[in-house]
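In case you want the letters, here they are:
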Amino acid sequence: MASLSEDPVVLGINDIKEKKEEETEIDNNNNKEHIDKVVVIGREEGQSGGGGQCGERDMAHPTGNPIHRSGSRPQLDLSKAAIQGNFEERNPTILLPNQSDDISHLALDIGGSLIKLVYFSRHEDHSVNDKRKKIVKERLGVSNGNRRSYPILGGRLHFVKFETNKLNECLDFISSKQLHRAGLDSRWHPESPANENAIIKATGGGAYKFADLFKERLGVSLDKEDEMDCLVAGANFLLKAIRHEAFTHMEGQKEFFQIDQNDLFPYLLVNIGSGVSMIKVDGDGKFQRVSGTNVGGGTYWGLGRLLTKCKSFDELLELSQRGDNRTIDMLVGDIYGGMDYSKIGLSASTIASSFGKAISENKELEDYRPEDISLSLLRMISYNIGQISYLNALRFGIKRIFFGGFFIRGHAYTMDTISFAVHFWSKGEAQAMFLRHEGFLGALGAFMSYEKHGLDDLMVHHLVERFPMGAPYTGGKIHGPPLGNLNEKISWMEKFVRKGNEIIAPVPMAPPGTTGLGGFEVPSSKGGTLRSDASALNVGVLHLVPTLEVFPLLRDPKTYEPNTIDLADHSELDYWFTVLSDHLPDLVDKAVASEGGTDDAKRRGDAFARAFSAHLARLMEEPAAYGKLGLANLLELREECLREFQFVDAYRSIKQRENEASLAVLPDLLMDLDSMSEETRLLMLIEGVLAANIFDWGSRACVDLYHKGTIIEIYRMSRNKMQRPWRVDDFDVFKERMLGSGDKKPSQHKRALLFVDNTGADIVLGMLPLARELLRRGTEVVLVANSLPALNDVTAMELPDIVAEAAKHCDILRRAAEAGGLLVDAMVSNIDGSRENSSSVPLMVVENGCGSPCIDLRQVSSELAAAAKEADLIILEGMGRALHTNFNAKFKCDALKLAMVKNQRLAEKLIKGNIYDCVCRYEPAN
């Protein structure tokens, strides 16, 4: 999880298996096929929506589309290439000393109202010769020999918007970041001359209108790409590569969906700009405009401006939020005396005729409220677009329709109205769907028209979205000038937090109960108020991490959901937001102390607190603002925010102190364990893991315990209170698998993956003794730890030193650590000369690929994925990895989940127990 600063040029590599494209046959006669999803995508104002239902043409390129021409990409010069990286870099990097070509990394979509930029930045190179990691990779069979010859870029995709009437700000942004010069800052690369032949890919009408200005200001030429090509290419990329990109929007509630990319095509893309185009997409570069209508966003704005005198499209939308269309629209009930027309299934609230009441009422235009006119217009146009879209999907037997564009703009009422229309006409069989990044389809498509864009084969697990500190304030919309360094970021935070009330002032909503389209209520908003852009979804930075993989031991990755707690429940959301807010002061204190308590650290700590509080406030206002929200996402957001303000490890000194105290008593513990029988020892080991898991600086109850004694005293108290049965107690089943019953001795596990949690007693007195027991039985052990620090969790970088210290007191650990490559740089004395009873199986350490207290097993490091391929036992330890996430996860192999519950609400909700209750959940492979 790299920081969010702009970094020097480095290329990442990836070993992705090439996938053969499969052609999808479409039965054009199957018009009655069940339609379960409908999605619409539109264009921004000023870009052609292709209004009109005539003039259909096949937009597919018979000789191959310029987008996705993977075969035409020039190969990079890999001669003398060197693989580099360390534990803190989740994706290895490759240095190409003989590669001269720059990788193009900026594209534009210039519309009549907004300019959208998509640009690429690279990771910083941290070259470390890590012998331990090299040995582990060799043992696990992780090599670079099977990697594709064309490396996918390791870096970030950024999404930025500017108002077109502020074009100069956009040009200043590009110039200050040197995006038109491949990101080379002239202050550090004065020898790099400007390229007079530099070209930037662009689409939209502004690519023609402003071409001369780009040449004059930046010295670059705009290479114009076809809008429809870009639109489809951008949509295909998002739907295949971004997790939970698509969502539905009904009655103010968003629900995110993950669409199987093998079942994506065909789909209908409804592009609502000034007019409307309906595009049938059959694959990459294969699409056809099949229909459209000249009644679109331009119609709404044009008529609205004439009838209400509104000066902007957004002003017209805001008016609709306070409108009541019953004063203008003729409803079925108006015709039938307030009654339903039940014979044909029409309710009294169904719109019979838009603006129909204006015929019979003796009123002039000024007698009608502008708010009511705006809402009636919005529903009339949205209703018809939804109906025509559904009928075209039915016509071609298409089961998915996506909506978006300038007319949509993330506006809650518009999405609700279209959704109601599709639901109404399909009798609930179809759903309108929308895209989180819909405003960037054109810019993304233009980016992908570069021959060397490198995005062809990226999959969902290769992309991680991060939300930098400015996200809550920009609302995912307009971004100002770039922030050059940390000091500017802190100043920006201080400035905008002071202006917070001005920025997030709410807009009043209509009173509840206003009747809408088809008998539905007017879309409501949580809290009764809605900021004009509150429903708009924020767009983060996409981190491209080609070395992330799906954990291969998940029983069904498609149905896997890491989060145990559903934050769609507002009471749960409120509670966990309160927990995080209450924990913030203590976290800031620890973070500042970890940096020596300097004035600079205090200022950064204050900025972090403001930034994270702003994230929480934004998510309280719109829980779906950053996409599908789970507790794991919240905890990771906090850690990313800490790193953004350069707090690398807030609990560094605390972890070191607790490790030293625990290691001091480890020899006595091991001696006690060795004196026990097998059965007693196994029970004591599991008890030890559960008791030691009490140490968690992320739990308020546990933090309070730290003030009542030393960690050893707390550990002993915890051990003394261990009484079976535990709240979830599968120990006897696990014991039978490990020791057998009667004369029947079971086969030992070949390899165990131990997902470890906290430093100190947790790892030293809990998980290491358990690992030692598995090694004693001939089982290879892989300790799986965080790639980056999070709270007091142990990291993969810290584990080898802890193991080396522990190995000084145990020959079993020493020999296993040597075999696993953990003692390469450590001087460990052999205290026990006897080799007969020692194990020669390896003890290894791998990083998990994340820097959070939780873990999403859809995105793990390549080392962990390799280690898992021969594993037949998984042990998940701790609240974050075994309770907050993965409590309900199912695996292909034996799984043991161990944790002490250190939160009363979670104990009640998850196991119907109390704080400090224990979970020992064993799930055999069969």
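Residues numbered from 1 in each chain as written. Predicted model: local features only at pLDDT ≥ 70, side-chain atom pairs only at ≥ 80, totals over all residues. Heavy atoms only, no water.

The chain has the name Pantothenate kinase 2 in an unreviewed UniProt entry, where Ziziphus jujuba is given as its organism. UniProt, in the comment section headed Pathway (unreviewed entry), describes the chain in these words: "Cofactor biosynthesis; coenzyme A biosynthesis; CoA from (R)-pantothenate: step 1/5." (UniProt positions renumbered as here; feature names shortened; annotations may be inferred.)

Asker: Sorry, what's going on with the sheet that holds strand β28 (residues 894-900) here?
Answerer: Backbone hydrogen bonds hold the strands of a sheet together, and the pairing may be parallel or antiparallel. The sheet built from seven strands is open, its strands ordered β23-β29-β28-β27-β24-β25-β26 with mixed pairing. The strands lining the two open edges of the sheet, one partner per strand, are β23 (728-729) and β26 (843-847). Sheet topology places strand β24 (residues 751-755) next to strand β27 (residues 873-877); four bridges connect them, and they run parallel. Looking at β27, one finds that L753 is bridged to I874. Taken strand by strand, helix α24 (residues 761-776) contacts β24, β25 (780-785), β26, β27 and β28, and its axis lies near 170 degrees from that of β27. (Pairing = 2+ DSSP bridges. Helix = DSSP H or I, 4+ residues; strand = E, 2+ residues; numbered from the N terminus. Contact = heavy atoms within 4.5 Å. Axes fitted to C-alpha atoms, helices over the stretch in contact; angles between N-to-C directions.)

Asker: So what exactly am I meant to see when it comes to the side chain of T248 here?
Answerer: Looking at the secondary structure, you find T248 in strand β10 (residues 246-250). Leaving out residues up to four positions away in the same chain, T248 has contacts with Q253, K254, E255, F257, Q431, A432 and M433.

Asker: Would you take a moment to explain the sheet that holds strand β8 (residues 199-203) for this structure?
Answerer: Taking strand neighbours across the sheet as the criterion, the seven strands line up as β9-β8-β5-β6-β7-β22-β19 in an open arrangement whose pairing is mixed. With one partner strand each, in any of the chains shown, β9 (221-224) and β19 (463-466) form the two edges of the open sheet. Across the sheet, the mean angle separating the axes of adjacent strands is 25 degrees when strand polarity is ignored. Sheet topology note: the strand β5 (residues 106-110)/β8 ladder contains three bridges and is parallel. When the sheet's bridge partners are listed, L108 is paired in β8 with A202.

Asker: For this particular structure, what's the right way to read empty space enclosed by the protein?
Answerer: In this approach a probe as big as a water molecule rolls over the atoms, and the regions it shows empty are the leftover space. Scanning all chains against the criterion turns up six cavities of 30 Å³ or more. What lines the second largest cavity is E639, L642, R643, F647, V648, D649, A650, Y651, P789, A790 and L791. Tallied by class, the residues present in the lining of the second largest cavity amount to eight nonpolar, no polar and three charged. (1 Å grid on protein atoms, 1.4 Å probe; cavity = no way out; pocket = protein on both sides within 12 Å on 5 of 7 lines; lining within 4 Å. Points joined across faces, edges and corners; volume = space filled by probe spheres on them. Nonpolar A, V, L, I, M, F, W, Y, C, P; charged D, E, K, R; others polar.)

Asker: Explanation requested: helix α5 (residues 227-241) in the structure shown.
Answerer: Spacing of three or four residues puts side chains on the same side of an α-helix, whose turn is 3.6 residues. Between its first and last C-alpha atoms α5 spans 21 Å; for 15 residues at 1.5 Å apiece the expected length is 21 Å, and the two agree. With a side-chain oxygen positioned 3.1 Å from the backbone nitrogen of M228, the residue opening α5 is D226. (Expected span 1.5 Å × (residues − 1). Polar contact = N/O pair within 3.5 Å; in protein donor to acceptor, adjacent residues only side chain to side chain.)

Asker: Help me understand the environment of L666, please; the structure alone is not making it clear to me.
Answerer: Along the chain, L666 turns up in helix α19 (residues 652-674). Residue classification places L666 among the buried residues on the basis of a relative accessible area of 1%. A sequence separation of 99 residues divides L666 from L765, and the C-alpha atoms of the two residues are 6.4 Å apart. Discounting chain neighbours no more than four positions away, the residues touching L666 are V764, L765, P769 and A806. (Buried < 20%, exposed > 50% of the residue type's maximum accessible area, 1.4 Å probe, protein only.)

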